[in-house]
Amino acid sequence: MSEEKTDNIPTPQHVLITADQVAEKVDELGKQISQDYSKEAPLLVGVLKGAFVFMSDLSRSIDLPIEFDFMAVSSYGHSTTSSGVVRIVKDLDLDLAGRHVLLVEDIVDSGLTLNFLRKNLLARNPASLEICALLVREDFQFEEDTIKYTGFQVPADWLVGYGLDVAERYRNLPDIWVAGSES
Ligand code: PRP
């Protein structure tokens, strides 16, 4: 990849998960979701911006008449699950009452965003709420069944590509890379 060195922003160093591995996993998740929701198609809720690439591919691997909505949140203080503030920047357009909602995230890191969104969305009285996260940190502690659909467990490196960014860059890389500084 051609790279202009104009600042100290970390750059992609090596591939952690290839585009082919992602595609295979997304296909598996889509098939599982299609089976699980065969009686009632879910409403997919994507968390902007990071989830937009995953949501796009995942949705096309689901063989059901799904619907879509998006939220954007901003968070401060990612170090623990119990601290930090999450704020809604863009709310949903649709009413969740009585809907089977599938929340789609690119990555669960500290869990702060997920905890906030679960509570917030459950308060809107959906018929059900499940989580689908492509990436979950290996050391993330969560109660069993909190995340029903997981793609990959990943180490605590800075990851970019397939929707994930550093300073808004690299979201369009097809593979998932570990980012860092040139040594
Ligand atoms: C990322 C990711 C999750 C959140 C997870 O979003 O998309 O929403 O962080 O982190 P947490 O588990 O520690 O809360 P980010 O805030 O980087 O915004 P972006 O999706 O626009 O890149």
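That block above? That's the structure.
Everything numeric in this text was worked out from a predicted model, so none of it was measured.

## Re the overall build of the protein
Argument step 1. Looking only at helices and strands, the protein has three helices and nine strands in total.
Argument step 2. For the protein, the α and β elements follow one another from N to C terminus as β-α-β-α-β-β-β-α-β-β-β-β.
Argument step 3. Its C-alpha radius of gyration of 16 Å places the protein within 12% of the 16 Å reference for a compact globule of 183 residues.
Argument step 4. Oriented by its inertia axes, the alpha-carbon framework of the protein measures out at about 50 × 35 × 30 Å.
Argument step 5. Counting across all 183 residues of the protein, residues that qualify as buried make up 45%.
Argument step 6. Intrachain contacts of the protein at a sequence separation of at least 6 include 67% that bridge at least 24 residues.

## Considering the site of the ligand
Argument step 1. Surrounding the ligand, one finds 15 residues, the nearest of these being Gly50, Glu105, Asp106, Ser110 and Thr113.
Argument step 2. Backbone polar atom of Lys49 to an oxygen atom of the ligand: 3.0 Å apart, as the coordinates give it.
Argument step 3. A distance of 2.7 Å separates an oxygen atom of the ligand from a polar side-chain atom of Glu105.
Argument step 4. In isolation the ligand exposes 500 Å². Once the protein is present, 82% of that is buried.
Argument step 5. Of all the elements in the fold, those that place two or more residues in the shell around the ligand are β5 (100–108) and α3 (112–122).
Argument step 6. Top contributing element to the shell around the ligand by residue count: β5, with four residues.

## Notes on the nonpolar core
Argument step 1. Among the nonpolar cores identified, the biggest contains 28 residues, and Phe54, Leu58 and Leu135 are the most heavily contacted of them.
Argument step 2. Breaking this core down by element, the ones donating at least two residues are α1 (19–36), α2 (52–60), β5, β6 (128–137), β7 (149–154) and β9 (176–180).
Argument step 3. Apart from the residues within four sequence positions on either side, Leu58 is in contact with Val26, Leu29, Gly30, Ile33, Val104 and Cys132.
Argument step 4. Val45, Met71, Val86 and Val108 belong to the second largest nonpolar core, which has 21 residues in total.

## Focus on unusual backbone geometry
Argument step 1. For the bond from Leu48 to Lys49, the omega torsion is 0°, close enough to zero to count as cis.
Argument step 2. Of note, Lys49 is situated in the loop between β2 (43–48) and α2.
Argument step 3. Positive phi, close to 60°, is recorded for Asn125, a residue that is not glycine.
Argument step 4. On the secondary structure map, Asn125 appears in the loop between α3 and β6.
Argument step 5. A relative accessible area of 55% means that Asn125 is categorised as exposed.
Argument step 6. Backbone geometry at Tyr162 places phi at a positive 50°, although glycine is not the residue there.
Argument step 7. Looking at the element boundaries, Tyr162 is found in the loop between β8 (158–160) and β9.

## Let's talk about α2
Argument step 1. Buried within α2 are the following residues: Val53, Phe54, Met55, Leu58 and Ser59.
Argument step 2. Residues of α2 that are buried sit in contact with α1, β2, β3 (67–76), β5 and β6.

About the criteria used
- Residues numbered from 1 in each chain as written.
- Predicted model: local features only at pLDDT ≥ 70, side-chain atom pairs only at ≥ 80, totals over all residues.
- Heavy atoms only, no water.
- Helix = DSSP H or I, 4+ residues; strand = E, 2+ residues; numbered from the N terminus.
- Rg over C-alpha atoms; globule rule 2.2 N^0.38 Å.
- Buried < 20%, exposed > 50% of the residue type's maximum accessible area, 1.4 Å probe, protein only.
- Contact = heavy atoms within 4.5 Å.
- Near = heavy atom within 4 Å.
- Polar contact = N/O pair within 3.5 Å; in protein donor to acceptor, adjacent residues only side chain to side chain.
- Areas by Shrake-Rupley, 256 points an atom, 1.4 Å probe, with all protein chains shown as cover.
- Core = buried A, V, L, I, M, F, W, Y, C linked by side-chain atoms within 4.5 Å.

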